[in-house]
Every structure is written in C-alpha cells, then in structure tokens.
Amino acid sequence: MKDKNIIKFQAFYFLLIGAVGCFTPYINVYLEKSIGLEGSQIGLLTAISLILGVCVIPLWGIIGDKTRKYNLLLMTSLGTSIVILYFYSKQTVYIGVLIFALLLEVARLGSGPMSDTITMNYTAKHGGNYGSIRGMGSLGYVVGSMAVGFLADIYGLDGPLFTTYIILLGLALLLCFSFPKTDIQEDNAKPEKGSFKELLLNKNFIFMLLIVMMTQIVIDSSGAFAGNHLVSTLKGNNSLISWLTFVQVLPEIIFLMISSQLIKKIGYKKFILLGTIPMAIRLLTYAFVPNAYVFVFISIVHCLGVGVSTVASLSYIQDSVNPAVFGTAITLLNAAMSIGKAIYGYVFGFVYQYFGSDKIFLISGIIVIICIIMVTFTKRFDEADKKLQEKS
C-alpha cells in the first residue's frame, strides 16, 4: 500500500511547481504588453531580483535549521506570497511593480528549500522516493504553463496569470496542514548544533555545488538562447520551441520517477556520469550540427541532467552534511545556482552578440567535459557509494 504522505507530497509539488509554470514563462510578457515596461526596466527588475535572491535564500535555511520549524516557514512563505501576489496584480506603474516583484521574490524563495528539506527528511526516514515526488512537480509545470497559455488565448493574460498562481499556492498551503510532523516535533528534542562555517568547509558539499554549476546550470543558462538558436540561427519555425519544451519535460517526468532507485543501484558516481556524458554530446551536437530537427531530437537527454541537479545532488548533500544544517545547505545550493545563472547569462549574452549562438553551446560543452573528467577521477563519491551498497 502506497504511503499516504508520499501522495500528499506529490500533490504538493504538482501544485507548487505547477504554480511556477503558470507564472514564470509569462510574467515578462505581461510586464511588457500589459504594464508597458521597456526591456531595460524588465532587465533591471530581473537583475535586482536575482541579487536579492542570493542574499535572502540562505536566511530561510538558517532560520529553518535554527528553529526546525520547516513546515511553519513553508506555510509562511506560501501565505505571504499569496497576499503579495494580490497587490502585485493591482500595480500599474513601474515603481509599484518593482516593489511588489521584489517582495514576492523574498517571500516565494522560502517555499522551494523548505519543501525540499521536509520531503528529503521524510523520504530518508521512511524510505520514500523523492524522485517520484519531484517528477510530479515537473508534470505540474507542464500542465500549469499549458493551462495559462490556453486561458490567455481566450481571456487575455491579465486575469489568468495571477489568478491561477494564487489558487494553486492556496491549495498547496492547505496541503501543508496535513504534512506529517517531523521527528523533532514528535520527540520534543532540542535541535542539533551546526554552523554555517562547518557547511562551507565541507569539501563534499562544495564539490557537489561545483558539479551542479558546471552541468545543469550551464544547460539552463545556454538553454535561454535555445529559441534564438532555433529560429534565428537555424531558421526553424516558432512551433519548434513548443516541441523542444515537450521533448525535454516529458522524459524528465519519467526519469525523475526512477532516479532515486537508480542511484541506489549504481551509485552516485555512475549516475552523475550517466547524466553528464549525454549532456556533453547534446551540447556539442548543438554546436556542430546546424539542423533544427536534430537540435530538438537530441534534447531528449535533458532529463538525465535534471536527475543530477535535483535527486542526486540533494541525496548526496543529505548524506554528506550535518543534519543540523541540511536546510541551510539546500538554500546555499539554490543561491549558488542563482549566482551561476547570473554569471553564465552575462557571458553567454556577450558570446551570442559577437560570436553567435553555436559558440555558446561549444563553450558549454567544454565546461561539461571538464566536469566529466573531474567526476571520473575523483574519489569524493567512494564513501557515499559504499554506504549505498551496504544499505542494498
């Protein structure tokens, strides 16, 4: 019989990441078409949000690890996000949009790390499959983004954009009240002691951050130019962008469902190589094969990289760090990802302007190859893989 709490977590991730899918792909279009913002204004808002996020994300983890009230913080994040979204939807001038966009960033950034901490702690304790939970989130993203696109064609973007986001976050908030209590809540135990410095000195943790920065963040950052490459460089149709999303996300849902079990079977090192070697082949194909249909077809391996950056990274970090700072570790991972996207985004924008989109993918492929070499020769995973073998 399936664990009812796992079903609750799956439903929660479907709603939470589905809400992101309803909002993120369309917000810049809304700001430009409905509010009338210029590209430079949207760019400034994005840049400030990114910088603010890097500063704020670790605070959620530190507070969570100090208080151990992850679920309360999660509900606080969701509740304040809903309130801010309501006022955000009423803004018609740039300063109002800027203020409430930044407030939303501060509020919503707590939901991901807190939910990951709660879910990872539960699955580690009760033997659940985090990958199957995270896979439902990917499904939610697809359904949410498609639903808003469909509704926007009928009613316009203004109404569905904020309404769907608020409704899905509200449903996710209600689900939080049914989440299982943590072991600390049940045992009334005092929180374990841990320090921020201890986390920064953990070489296994830093190594995993580096892997994620050199793999999936490279893919995500270079992928921001996928539409430009398909339409402008390869002269493909706009519809190919939709097919690209479909080809990437559908296998991702399936692969995430089995990622946890696959890690237990083959170990972290082989799993990461399984994800990164096809990633390098994909990027080099992008760079050297000027065919739009090949571009879309080879993107099917996208799911392997997502498995590395989500299931493998969180599982390995949980095995490597003091449980007292696990929440902080997750938020630092998110902060590092934001920093990586900012750096890559700036560099790739320069490369695109002066050298073309194919060079973006060539540089990305070289970075991933360097990562593959690092993983191949490192002994950093030996202890964790040995523990996995003992458990099995």
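In this text, all values refer to a predicted model and were calculated from it rather than measured experimentally.

### Side note on the overall build of the protein chain
Move 1: Check the secondary structure of the protein chain and you find 19 helices and zero strands.
Move 2: Relative to its length of 392 residues, the protein chain is compact, with a C-alpha radius of gyration of 21 Å against a globular reference of 21 Å.
Move 3: Projected onto its principal axes, the C-alpha coordinates of the protein chain cover approximately 55 × 50 × 40 Å.
Move 4: When burial is assessed residue by residue, the protein chain has 53% of its 392 residues classed as buried.
Move 5: Here the analysis covers contacts within the protein chain between residues at least 6 apart in sequence; of these, 84% occur between residues at least 24 apart.
Move 6: Carbon and sulfur atoms provide 66% of the accessible area of the protein chain, an area that totals close to 18400 Å².
Move 7: Averaging the locations of the 29 positively and 21 negatively charged side chains of the protein chain gives two centres separated by 4 Å.

### A few points about unusual backbone geometry
Move 1: One non-glycine residue, Arg68, lies in the positive phi region at around 65°.
Move 2: Mapped onto the elements of the fold, Arg68 is located in the loop between helix H2 (39-67) and helix H3 (70-88).
Move 3: Backbone geometry places Lys235, a non-glycine residue, at a positive phi of 60°.
Move 4: Within the secondary structure layout, Lys235 lies in the loop between helix H12 (226-233) and helix H13 (239-266).

### A few points about the packing of aromatic side chains
Move 1: In this structure the tally under the stated criterion is 23 aromatic pairs.
Move 2: With centroids separated by 5.5 Å and ring planes inclined at 40°, the aromatic side chains of Phe225 and Tyr352 adopt a geometry described as tilted. Here Phe225 is found in the loop between helix H11 (216-223) and H12, whereas its partner Tyr352 is found in helix H17 (residues 326-355), with 127 residues between them in sequence.
Move 3: Between Tyr286 and Phe295, the aromatic rings sit 3.8 Å apart at their centres with planes inclined by 15°, giving stacked as the arrangement.
Move 4: For Tyr286, a relative accessible area of 4% puts it in the buried group.

### As for the side chain of Ser81
Move 1: With respect to the secondary-structure elements, Ser81 resides in helix H3.
Move 2: On the basis of relative accessibility, which here comes to 2%, the residue Ser81 falls in the buried class.
Move 3: Aside from chain neighbours lying at most four places away, what touches Ser81 is Leu104, Ala107, Arg108 and Leu169.

### Some thoughts on the pattern of salt bridges
Move 1: Using the criterion set out here, one finds four salt bridges in the structure.
Move 2: For Asp65, the salt bridge goes to Arg68, with nearest N and O atoms at 3.8 Å. Each member of the pair, Asp65 as well as Arg68, carries the same accessibility label: buried.
Move 3: Between Lys387 and Glu383 there is a salt bridge, with its nearest N and O atoms 3.9 Å apart. Of this pair, Lys387 and Glu383 are both found in helix H19 (residues 382-391), four residues apart, which corresponds to roughly one turn of the helix.
Move 4: We classify Lys387 as partly exposed; its relative accessible area is 37%.
Move 5: Residue Glu383 is classed as exposed on the basis of its relative accessible area, which comes to 54%.

### Looking at a nonpolar patch on the surface
Move 1: A surface patch of nonpolar side chains, amounting to about 350 Å² of accessible area, comprises Val93, Ile95, Ile99 and Leu103.
Move 2: Inspection of the secondary structure puts Leu103 in helix H4 (residues 94-108).

### Digging into the nonpolar core
Move 1: Core analysis: the biggest nonpolar cluster contains 123 residues, and Phe12, Phe23, Leu31, Leu78, Tyr88, Ile211 and Phe381 have the highest contact counts within it.
Move 2: Here the element with the most residues in this core is helix H1 (residues 4-35); it accounts for 15 residues.
Move 3: In this structure Tyr88 touches Phe23, Ile27, Leu31, Val97, Phe100, Ala101, Leu104 and Phe162, once residues within four positions along its chain are discounted.

### Digging into the confidence of the model for the protein chain
Move 1: Overall, the predicted model of the protein chain reaches an average pLDDT of 88, with 95% of residues at or above 70.
Move 2: Within the protein chain, H3 carries the highest mean pLDDT (96), whereas helix H8 (residues 183-187) carries the lowest (47).
Move 3: Scored below 50 in pLDDT, residues 183-188 makes four contacts in the model with residues more than four places away or belonging to other chains.

### Here we look at the environment of Leu161
Move 1: With respect to the element layout, Leu161 can be found in helix H7 (residues 158-176).
Move 2: Relative accessible area serves as the criterion here: at 0%, Leu161 is assigned to the buried category.
Move 3: Residues Leu161 and Phe23, spaced 138 residues apart in sequence, show a C-alpha to C-alpha distance of 5.9 Å.

### Details of H1
Move 1: In this model, H1 (32 residues) spans 44 Å end to end at C-alpha, consistent with the 46 Å of a helix rising 1.5 Å per residue.
Move 2: Roughly 50° is the biggest bend found in H1, and it falls at Tyr26.
Move 3: For H1, the N-terminal cap is Asp3; the gap from its side-chain oxygen to the backbone nitrogen of Asn5 is 2.9 Å.
Move 4: Immediately beyond the C-terminal end of H1, within one or two residues, lies Gly36, with a positive phi of roughly 85°.

### Re the side chain of Ser222
Move 1: Structurally, Ser222 can be placed in helix H11.
Move 2: At 3.2 Å, the side chain of Ser222 and the backbone oxygen of Ile219 are in polar contact.
Move 3: What Ser222 contacts, discounting residues up to four positions off in sequence, is Leu283, Phe348, Ile360, Phe361 and Ser364.

### So, the packing of H1 against H3
Any two packed helices are characterised by the angle at which their axes cross and by the distance between the axes.
Move 1: Interaxial distance between H1 and H3 falls to 14 Å at its minimum, and their mutual angle equals 30°. If you check the angle between H1 and H3, you find them roughly parallel. The hand of the H1/H3 crossing is left-handed. Contacts from Phe12, Leu16, Phe23, Ile27 and Leu31 of H1 reach H3 at Leu74, Leu78, Leu85 and Tyr88.
Move 2: Broken down by class, the residue content of the contact of H1 with H3 amounts to nine nonpolar, no polar and no charged.

Definitions and cut-offs
- Residues numbered from 1 in each chain as written.
- Predicted model: local features only at pLDDT ≥ 70, side-chain atom pairs only at ≥ 80, totals over all residues.
- Heavy atoms only, no water.
- Helix = DSSP H or I, 4+ residues; strand = E, 2+ residues; numbered from the N terminus.
- Rg over C-alpha atoms; globule rule 2.2 N^0.38 Å.
- Buried < 20%, exposed > 50% of the residue type's maximum accessible area, 1.4 Å probe, protein only.
- Contact = heavy atoms within 4.5 Å.
- Areas by Shrake-Rupley, 256 points an atom, 1.4 Å probe, with all protein chains shown as cover.
- Lys, Arg positive; Asp, Glu negative; His and termini not counted.
- Charge placed at Lys NZ, Arg CZ, Asp CG, Glu CD.
- Phe/Tyr/Trp six-rings, centres within 6.5 Å; stacked < 30°, edge-to-face > 60°.
- Salt bridge = Lys/Arg side-chain N within 4 Å of Asp/Glu carboxyl O.
- Patch = residues over 30% accessible without salt bridge, like charges linked within 9 Å, V, L, I, M, F, W, Y side chains within 5 Å.
- Core = buried A, V, L, I, M, F, W, Y, C linked by side-chain atoms within 4.5 Å.
- pLDDT = per-residue confidence, 0-100.
- Expected span 1.5 Å × (residues − 1).
- Bend = angle between axes of the 7 residues up to and from the residue.
- Polar contact = N/O pair within 3.5 Å; in protein donor to acceptor, adjacent residues only side chain to side chain.
- Axes fitted to C-alpha atoms, helices over the stretch in contact; angles between N-to-C directions.
- Parallel < 35°, antiparallel > 145°, perpendicular 65-115°, else oblique.
- Left-handed = near helix turned anticlockwise from the far one by under 90°.
- Nonpolar A, V, L, I, M, F, W, Y, C, P; charged D, E, K, R; others polar.

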